[in-house]
Amino acid sequence: GKFQEHENQLQELRRNVFGDTNAQGLFNYFKKMQSENSSFFFSTQVDSKNCVSNAVWVDARARMAYTYFGDAVYFDTTYSQNENMLPFAAFTGVNHHGDTVVFGCALILDRTESSYGWIFETWLTAMDNRLPFSFTTDEGKGIAAAVAKVFPQCFHRLCRWRILSRCKKRLTDVCTRFPGLHDELKRCVNGCDTVAVFDMFWGSILDKYGLRDDNWLQSLYEIRDKWVPAYLTSSFFAELSLTHRGETVSRFYRNNFSSRVSLNTFISRFDQYIDSLYASEAQKDITSFSPEQFPKTDTVLEKQARSIYTRAAFETFQLELVEAMQHYAVKVQDGSYMKYYVERGGDPPTRHTVFYNVAEKKAWCECCRFAFSAILCRHVLSVFLVAGVIMLPEPCITKRWTKKAKTGPELFGLNVGNGSGSADTVVSRYNDLVRDAIKCAEKGAVSAGAFRVAKEVLHKAFMEIRGLGEKLNKDALHSASSR
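A quick note: this is a predicted structure, and the numbers were derived from the prediction, not measured. (Residues numbered from 1 in each chain as written. Predicted model: local features only at pLDDT ≥ 70, side-chain atom pairs only at ≥ 80, totals over all residues. Heavy atoms only, no water.)

A. Quick look at the confidence of the model for the protein chain. Mean pLDDT over the protein chain: 86, with 92% of residues reaching 70 or higher. A low-confidence stretch, residues 413-423 (pLDDT under 50), is modelled with 17 contacts involving residues beyond four sequence positions or located in other chains. (pLDDT = per-residue confidence, 0-100. Contact = heavy atoms within 4.5 Å.)

So this is what it looks like as structure tokens:
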């Protein structure tokens, strides 16, 4: 029956992924990684015949990166688009330079709700049960149900890029007849920053191309609060630009795998890809701004932003500030919460309402870009210019986009499960030390001189700790024998 059919599919997929070795190669890789780094985490799920059905693995660097940038997580399942792909998924996020970081990997042979549930729970355990604010996935009943179970407090978003890329497939004949349709949909989804404007634009597209009766577009519209930015006003997604899609794992797939390769080849290439991501992050951490990034305004706001933000975040901020100069803010209500209307040179459709609380130095705009990306929007900046706010108020600066993103306590999100993440356990102490060690490695790799200092200091620390351990052992033996 149905169960047998499912079993046969699984067997077939296993043979495709592992050949005849049934996962031995994967286990060898896990063992090798663990011998090199004891905080390498992996877990496999097996079926009744003791065959691997799913796997999750996370290395020390991924855990470290998660403590800084785990506020918005994307579960990338590009394999479902490409027949030649191994059923491999990655948990990814965005670092302070706006680039991809990888928070862990999974092999998904059995694509059922319970499998996704197991994968999410296992990965969350590796991340000290710290939840992100938002969790973005592809569409799918199984995935959605698993997210609702494992991440009930997170905002679950569907990836709009995957949805938009399906438009071409789902509306082939219309797209062929009207080459402009796809771009118009993209502009409508990414370019409208309020619900009213989006609904109007979407309706006008349906009318223009005679798509009012298209069931698929109708179904997308019904779930618009899950994927259209204008509706996603309640959570953070770490996107610096709405129109530009960052370098993603799917691009790595496209560049590397036109045909099927063995799992070992795939994993070693993926590891190299992750290495290159870290190398590029380290490089960007030490190179500050290039000369062509001259200020475009003579405001203190811009100077300050340039000194605190990374280059990618500053470019976004600069763009908003230049736009703010073209907008005009009018105060329409005074009081502890001042209310402003902001519009671009007398153009009413561009009007946005901004509330500004002077005492708390907090501003809120109906475009909700700040909630979405944690960089102030042009509308709020326009109010600041009018209200004489010279420096960015503390509440308006989000540390994760600054040059100091990787310093100090980096705790975000909620802890699930028992108690806080600072429980005094071997694992939590270990993770804490790994963070410190990685900081030494990052700073020590910058130059030959820094490298020498780091080596010396770490060696000295190691000898001292080892000495302490030996002394404790001796004392324990001594007290045992003198009893």
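B. Representation of the pattern of salt bridges within the structure. The tally for this structure, following the rule as stated, stands at 25 salt bridges. One salt bridge in this structure joins Glu239 and Arg160, with 2.7 Å as the shortest N-O distance. Of this pair, Glu239 sits in the loop between α10 (215-222) and α11 (249-256) while Arg160 sits in helix α6 (residues 160-170), placing them 79 residues apart in sequence. The burial state of Glu239 is the same as that of Arg160; both residues are buried. Across the salt bridge formed by Glu320 and Arg378, the nearest N and O atoms sit 2.9 Å from each other. Linking Glu320 in helix α14 (residues 311-326) with Arg378 in helix α16 (residues 378-387), this pair joins segments that are 58 residues apart in sequence. Overall, Glu320 belongs to the buried group, its relative accessible area being 13%. Among the charged side chains, a salt-bridge network with shared partners connects Asp138, Glu139, Arg162 and Arg166. (Salt bridge = Lys/Arg side-chain N within 4 Å of Asp/Glu carboxyl O. Helix = DSSP H or I, 4+ residues; strand = E, 2+ residues; numbered from the N terminus. Buried < 20%, exposed > 50% of the residue type's maximum accessible area, 1.4 Å probe, protein only.)

C. Focus on the nonpolar core. Residues Trp57, Phe75, Phe103, Phe120, Trp123, Phe151 and Phe270 are the most contacted members of the largest nonpolar core, which totals 70 residues. The dominant element in this core, judged by the number of residues it contributes, is helix α12 (residues 263-286), at 8 residues. Look past the residues within four positions of Phe151 in its chain and what remains in contact with it is Phe120, Trp123, Leu124, Leu131, Pro132, Phe135 and Ala146. (Core = buried A, V, L, I, M, F, W, Y, C linked by side-chain atoms within 4.5 Å.)

D. Structural view of unusual backbone geometry. At Asn50, a position not held by glycine, the phi torsion is positive, near 65°. Following the sequence through the fold, Asn50 ends up in the loop between β1 (41-46) and β2 (52-58). For Asn50, a relative accessible area of 59% gives the class exposed. The phi dihedral of Asn129 is positive, around 55°, even though this residue is not glycine. Within the fold, Asn129 resides in the loop between α4 (113-126) and β6 (134-137). What makes Asn129 partly exposed here is its relative accessible area of 25%.

E. Spotlight on the packing of aromatic side chains. In total, this model carries 42 aromatic pairs according to the counting rule given. Aromatic side chains Phe120 and Phe135 sit 5.2 Å apart centroid to centroid with 80° between the ring planes, which places their arrangement in the edge-to-face category. Of this pair, Phe120 sits in helix α4 while Phe135 is found in strand β6, placing the two residues 15 residues apart along the sequence. Here the two residues Phe120 and Phe135 agree in accessibility, since each one is buried. We note Arg224 situated over the ring of Tyr221; from NZ or CZ to the ring centre the distance is 3.9 Å. The residue whose ring lies beneath Arg400 is Trp401, and the NZ or CZ to ring-centre distance is 4.6 Å. (Phe/Tyr/Trp six-rings, centres within 6.5 Å; stacked < 30°, edge-to-face > 60°. Lys NZ or Arg CZ within 6 Å of the ring centre and 35° of its normal.)

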